[in-house]
Structures are given as C-alpha cells and as structure tokens.
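Structural description and commentary
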Amino acid sequence: MSEAFGPDFITLTDEDGQQFELELIDSLEHNGTVYHALFPAEQEGEEQNEEEMGLVILKVIEENGEELLSTPDSDEELDEVYQLCMDRFYEEEE
C-alpha cells in the first residue's frame, strides 16, 4: 500500500456509540472477501495502553448496497487472515 499521500484513517462507532479512529495499514482479499489491517490511531496528548495498540482485522461486508466493516466470523478466520497480514508485512520489509 502506497503512502504517497499519507496514511488513511477510518472512524468507527461501536455498539455503545463510542467513536474511535483507526489507521489503515493494509488491505487484502482472501477467499473472495476483502479484509483491512488497522492500528488504533494515536491521539495527540492522549496516552494509550498496550492493549489498545494491537492489530485490528476487519472484513468488508455488503449490506443493503452499503459497505460495512465487521469482525471475522471465527477465531480460525481471524488467525488465517492475521497470518496472511504478517506474511505480507515481513515480505515488504525484505
């Protein structure tokens, strides 16, 4: 993913109405589904604990013609996509 124009940020709202911002690191397609790898965006003047700094993997689903982000359906799906993301990250470093 090119950063020629700077990083991409996505603002999400959880079930409780709380908004948070994520930085899009990479996108990949696997088994016909698009997944996004994201990290929580650092907010100026705000400290984040280590639990909030982990990689977030969300999949793109279409509902009523609108693209939505959702968590993977199973731990197996999450683990598989996580490994693909890690392989891509390490591949880019080489």
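Look above for the structure.
A brief look at the structure comes next.

Here is what the cut-offs are and how they apply
Residues numbered from 1 in each chain as written. Predicted model: local features only at pLDDT ≥ 70, side-chain atom pairs only at ≥ 80, totals over all residues. Heavy atoms only, no water. Pairing = 2+ DSSP bridges. Helix = DSSP H or I, 4+ residues; strand = E, 2+ residues; numbered from the N terminus. Axes fitted to C-alpha atoms, helices over the stretch in contact; angles between N-to-C directions.

Read across the open sheet, the five strands follow the order 1-2-3-4-5; overall the sheet is antiparallel. Every interior strand has two partners, whereas the edge strands, strand 1 (8-13) and strand 5 (66-70), have only one. Here the strands of the sheet are splayed against their neighbours by 45 degrees on average, with no regard to which way each runs. Here six bridges tie strand 1 to strand 2 (residues 19-30), and the two strands are oriented antiparallel to one another. Directly across from Phe9, in strand 2, lies its bridge partner Glu23.

Another point: unusual backbone geometry. A positive phi angle, near 55 degrees, is found at Asn31, a position not held by glycine. Relative to the assigned elements, Asn31 resides in the loop between strand 2 and strand 3 (33-40). Within the chain, Asn64 stands out as a residue other than glycine whose phi angle is a positive 55 degrees. Following the sequence through the fold, Asn64 ends up in the loop between strand 4 (56-63) and strand 5.

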